[in-house]
Amino acid sequence: MVSPRAGRARDKVSAAASRSSSFVTISMDGKLRGCRGSIMPHRSLIEDVADNAWKSGFGDPRFAPITEAELDRLDFHVSILSTAREFFCQTEEELLRTIRPDVDGLILREGDKQALFLPSVWEQLNDPAMFVQQLKLKAGLPAGHWSQSMECYRFITEIFGLH
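Rules behind the numbers
- Residues numbered from 1 in each chain as written.
- Predicted model: local features only at pLDDT ≥ 70, side-chain atom pairs only at ≥ 80, totals over all residues.
- Heavy atoms only, no water.
- Helix = DSSP H or I, 4+ residues; strand = E, 2+ residues; numbered from the N terminus.
- Buried < 20%, exposed > 50% of the residue type's maximum accessible area, 1.4 Å probe, protein only.
- Polar contact = N/O pair within 3.5 Å; in protein donor to acceptor, adjacent residues only side chain to side chain.
- Core = buried A, V, L, I, M, F, W, Y, C linked by side-chain atoms within 4.5 Å.
- Contact = heavy atoms within 4.5 Å.
- Phe/Tyr/Trp six-rings, centres within 6.5 Å; stacked < 30°, edge-to-face > 60°.
- Lys NZ or Arg CZ within 6 Å of the ring centre and 35° of its normal.

*Asks:* Can you walk me through the environment of E151 in this structure?
*Replies:* In this fold, E151 is placed in strand β7 (residues 151–155). Taking relative accessible area as the criterion, E151 reaches 25% and is therefore assigned partly exposed. Separated by 41 residues in the primary sequence, E151 and E110 place their C-alpha atoms 6.3 Å from one another. Side chain to side chain, E151 and Y153 meet in a polar contact 2.6 Å long.

This is the structure in structure tokens:
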């Protein structure tokens, strides 16, 4: 007979070895310091988190690499993404009615342009219209852009943090 503790440990090892996608967000003094991740699962969760942690700290082109002097001021959050599910919207108004603030992460794709917001971005952009507009700008699209070929995907995350 396997003990419940051994069963939970086996489940955790199995989850870490399974293919999954993650984002690692680093903040310093409450401000973004780096964020990198994978949209689609393509390697084990443990490999994905390790690679994205390194890229967040040393490979995010928006920031200089982290330094030893900053280490005590950094917070790390790992977001494990569910499978992104496509949903169809004829209009932006329909999209705004469909997304769930504080729950859904969102991916918008138009041709070769795409962008992703994690559900945690709702903390800064709590208005659905602003959330979508800023995501379009991040993708390199005009804030007011909408077309029938816009692809919309949503996902949820499980978040782990460390200071």
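*Asks:* Is there a simple way to explain the nonpolar core in this structure?
*Replies:* In globular proteins that are soluble, nonpolar side chains generally tend to be buried together. Counting 19 residues, the largest nonpolar core has F87, L95, I99, L106, L108, F131 and C152 as its most contacted members. Looking at this core, the elements with two or more residues in it are β5 (105–110), β6 (113–117) and α4 (128–138). Per-element tally for this core: the top contributor is α4, with three residues. Aside from chain neighbours lying at most four places away, what touches L106 is F87, L95, I99, A115, L116, F117, F131, V132, L135, Y153 and F155. Counting residues in each nonpolar core, the second largest holds eight residues, with C35, I107, L116 and F155 among its members.

*Asks:* It is not clear to me how the packing of aromatic side chains should be interpreted in this structure. Could you clarify?
*Replies:* Here a ring pair, both rings aromatic, is described through the centre-centre distance and the interplanar angle of the planes. Counting across every chain of the model gives three aromatic pairs. Ring centres of W54 and F58 lie 5.7 Å apart, and the angle between their planes is 40°; this geometry places the pair in the tilted category. Separated by four residues within a single helix, W54 and F58 lie in helix α2 (residues 45–58), roughly one turn from each other. F58 sits in the partly exposed class, given a relative accessible area of 42%. Through successive ring pairs, a cluster of aromatic residues spans F117, W122 and F131. Taking the ring centre of F87 as reference, the NZ or CZ of R154 above it sits at 4.9 Å.

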